[in-house]
Amino acid sequence: MTLLEIHEPGETPLPHAGEETPAIGVDLGTTNSVVAVARDGKVEALRDDHGKALVPSVVYYASDGAAAVGSAAQARQAAEPDRTVSSIKRLMGRGVADVTEVGGIRADEVEPGSGVTDMVRLRVGGRARTPVEISADILRTLRARAEAALGKTVERAVVTVPAYFDDAARTATRDAARLAGLEVLRLVNEPTAAALAYGLDKAVEGIYAVYDLGGGTFDFSLLRLEKGVFQVLATGGDAALGGDDFDHALAERALAERTARGLPGAASAGDAKSALLAGRQAKEALTAAERTELTLALDGGTSVHAIDRPAFDGLVAPLVERTIAICARVLADAALDPVDVNGVVLVGGSTRVPLVRQRVAVLFGKPPLADIDPDEVVALGAALQAEALTAGSDTLLLDVTPLSLGIETMGGIVEKVIPRNTPIPVSLAQEFTTYQDGQGAMALHVVQGEREMAADCRSLARFELQGIPPMAAGAARIRVTFTVDADGLLTVAAQEKTTGVAQRVEVKPTYGISEEDMARMLYDSLEHAEDDMEGRLLVEARVEAERLLLALDAALAVDADLLDGAERTDLDADASRLRAAMADTDREAINAAAQALEARSKTFAERRMDRGVRKALSGLSLDQLESKVG
Ligand code: ADP
Ligand code: MG
């Protein structure tokens, strides 16, 4: 794959003369968030009084509406679950239809008529709040931490997002920052930020991998570094796989031991929660220690469970293998072998687990890069990028589209305009045509996904190109251009080439696609590749047949008199046989019936042609006739 041409980084505001306000780097994580700042190329994560950089991404809403963020909120989570919200990142850019509940909190429907979007809201702390508002509360805390540390107002930031975040989720992240009083200089993909933190932009050119195992999500990305520019070649992951699952495995094991000892198990939600917490503590202890004890203090009594590293490794090995399988798939997707990778960056707290490091080292045949704290590395990279952008640097980051973008065509088939994993910014166009004679408008349906049928993809936007002059079916040439900018946001433009009639839409996301959806859509496309092909061929056969019937109807409307009674009956019979075949799903039968009708109408078509020629020639003088014939 060759590097794209480098465009000007259009959206980056130039620093105003004399402006001193620093720009911060923010890793807005599912489990934890971090804020960092770079000054003169030196970068640091900003810490609290206890030296902790990690801010748990948990928000607590007091009865007076005040928000507490981080450890303080986490501490109240068990006691006041209906006032606390966590993992809100999973809902960024998601619609009401996508979710009904998160972390035990009910998602409320937005009141009808509130306009804007059908963004999901959560009822928490006695009020319905959007993920954008809740994320803004986390961002406000990070901003305040930065202002306190720097002694200056902070109004600009580089914020990181998962590489696969779609339009809606990116827009929601940007909106959240704006709500918190932060202008987003650039949304940077998390793996790219991690690579920047390691200074890989100044390293040997080649392929780098980023393995990010956090609390609840796993992301794997392949970057290509060329001439100091990163291009995300491919990404993959599992939105429901992370350190939480390790906690779960440990808790289950301890609960099973309890049952075997004849003690009562977890009786309440509170019990389950405290078992998970004990699992997490044991897991984190086992990173440094060879053995530890897991204490279950439940309503039915306290029990102590010894566990050593090999037993833990055995428990989590299947989970770790799932991440390795994903790495292998993404590599295969990009047609690369593990040996092609120059370096592997570890990101996310769960990459501290020794088994994870071992398995990654084995897969790539080299030890991964892990000198920088894996929880902080993304924020550090974002801070470096923030400094570079405010200093007017022209470092341009290239990313890829996580899912294919396309247009729905006749019969609900998707014509992909920008395929998945295309580096951005990018602008690609494709030509479409009208289907019926004199068609004056064309409805364009923009979809995202890997499946062949629009109904199986995500609908992003609909718009209509109007004012197409009357032309025969297939004569209009409509050029549809998809443009994805450096932040991953899509614009679609359509133009009828012969007349210049044009339409353009910014694809305002119909909030939104979920991470799980995204992963599922990718897996589905692989699983259903064969069904899809068959489905596509069937639809194509139907569309072709429909076209034939339309043409026949149009011909009969003008020239029916060219047929005698018997011929007309035969033709009608063949046409209804075709209609009957189209109602069924046998593609071969449709094609056969269409061919029969086509053959049957041949004589009719010839007679029409004769008449057409005669009509064209009538009224011409002999001279003209000769020149026409000659
Ligand atoms: P996210 O990107 O989802 O916000 P993080 O990168 O902060 O998450 O990772 C959080 C996860 O890392 C949690 O599951 C936590 O238990 C795990 N973790 C943190 N420290 C350790 C450790 N020392 N050993 C094992 N796991 C750890
Ligand atoms: Mg993370």
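Parameters and conventions
- Residues numbered from 1 in each chain as written.
- Chains lettered and ligands numbered in written order.
- Predicted model: local features only at pLDDT ≥ 70, side-chain atom pairs only at ≥ 80, totals over all residues.
- Heavy atoms only, no water.
- Helix = DSSP H or I, 4+ residues; strand = E, 2+ residues; numbered from the N terminus.
- Buried < 20%, exposed > 50% of the residue type's maximum accessible area, 1.4 Å probe, protein only.
- Contact = heavy atoms within 4.5 Å.
- Areas by Shrake-Rupley, 256 points an atom, 1.4 Å probe, with all protein chains shown as cover.
- Axes fitted to C-alpha atoms, helices over the stretch in contact; angles between N-to-C directions.
- Parallel < 35°, antiparallel > 145°, perpendicular 65-115°, else oblique.
- Left-handed = near helix turned anticlockwise from the far one by under 90°.
- Nonpolar A, V, L, I, M, F, W, Y, C, P; charged D, E, K, R; others polar.
- Pairing = 2+ DSSP bridges.
- Phe/Tyr/Trp six-rings, centres within 6.5 Å; stacked < 30°, edge-to-face > 60°.
- Lys NZ or Arg CZ within 6 Å of the ring centre and 35° of its normal.
- Salt bridge = Lys/Arg side-chain N within 4 Å of Asp/Glu carboxyl O.
- Core = buried A, V, L, I, M, F, W, Y, C linked by side-chain atoms within 4.5 Å.

Engineer: Is there a simple way to think about the overall build of the chain in this case?
Structural biologist: Along the backbone of the chain there are 15 helices and 29 strands. Expressed as a percentage of the 630 residues in the chain, the buried residues total 50%. Of the contacts formed within the chain by residues at least 6 apart in sequence, a portion of 67% connects residues at least 24 apart. On the chain, roughly 28000 Å² of surface is accessible, and the fraction owed to carbon and sulfur atoms is 52%.

Engineer: Is there a simple way to think about the packing of helix 5 (residues 243-260) against helix 7 (residues 309-333) in this case?
Structural biologist: The packing of two helices is summarised by the inter-axis angle and the distance between the axes. Viewed as axis vectors pointing N to C, helix 5 and helix 7 meet at an angle of 135°, and their least axial separation amounts to 10 Å. It follows from the interaxial angle that helix 5 and helix 7 lie oblique. Where helix 5 crosses over helix 7, the two elements pack in a sense that is right-handed. Of the residues in helix 7, those in contact with Asp245, Phe246, Ala249, Leu250 and Arg253 of helix 5 are Ala311, Phe312, Leu315, Val316, Leu319 and Val320. Residues that form the contact of helix 5 with helix 7 fall into these classes: nine nonpolar, no polar and two charged.

Engineer: I'm lost on the sheet that holds strand 22 (residues 413-418) in this one. Help?
Structural biologist: Pairing between the strands of a sheet is mediated by backbone hydrogen bonds and can be parallel or antiparallel. Read across the open sheet, the four strands follow the order 22-21-25-26; overall the sheet is antiparallel. Single-partner strands in this sheet number two, and they are strand 22 and strand 26 (458-466). Averaged over neighbouring strand pairs, the angle between their axes works out to 30° when direction is ignored. Here strand 25 (residues 441-448) pairs with strand 26 via eight bridges, running antiparallel. If you follow Val446 over to strand 26, its bridge partner there is Ala461.

Engineer: Before we go on, may I ask you to explain the packing of aromatic side chains in this structure?
Structural biologist: Each pair of aromatic rings is reported with the distance of its centres and the angle of its planes. For the structure shown, the criterion picks out three aromatic pairs. Seen from the ring of Tyr60, Arg76 lies directly overhead, with NZ or CZ sitting 4.5 Å from the centre. When the ring centre of Tyr61 is taken as origin, the NZ or CZ atom of Arg129, which lies over that ring, is 3.6 Å away.

Engineer: Help me understand the pattern of salt bridges, please; the structure alone is not making it clear to me.
Structural biologist: Under the counting rule described, the total for this entry stands at 33 salt bridges. We note a salt bridge from Glu567 to Arg607, for which the minimum N-O separation is 2.7 Å. Of the two residues, Glu567 is situated in helix 12 (residues 565-583) and Arg607 in helix 14 (residues 602-617); the sequence distance between them amounts to 40 residues. Of the residues examined, Glu567 reaches a relative accessible area of 25% and is grouped as partly exposed. Residue classification places Arg607 among the partly exposed residues on the basis of a relative accessible area of 27%. Through salt bridges that share partners, Asp559, Asp561, Arg608 and Arg611 make up one connected network.

Engineer: Is there a simple way to explain the nonpolar core in this structure?
Structural biologist: When a protein is soluble and globular, its nonpolar side chains tend to lie buried together. Core analysis: the largest hydrophobic core is formed by 41 residues, its most contacted members being Tyr211, Phe220, Leu222 and Phe246. With nine residues, helix 7 is the single largest residue contributor to this core. In terms of nonpolar packing, the next biggest core, distinct from the first, is built from 40 residues, Ala146, Val154, Leu182 and Leu187 among them.

Engineer: Would you mind going over the sheet that holds strand 6 (residues 67-69) with me for this structure?
Structural biologist: Spatially, three strands are ordered 6-5-7 in an open sheet, and the strand pairing comes out antiparallel. What marks the edges here is a single partner per strand, and that holds for strand 6 and strand 7 (84-86). Strand-to-strand twist in this sheet, taken as the mean axis angle between neighbours without regard to direction, amounts to 20°. Relative to strand 7, strand 5 (residues 58-61) runs antiparallel, the two being bridged by three bridges. Residue Val58 lies in a different strand from strand 7, and its bridge partner there is Ser86. Those strands touched by helix 2 (residues 131-150) are strand 5, strand 6 and strand 7, and its axis lies near 105° from that of strand 5.

Geometry only, nothing functional implied.
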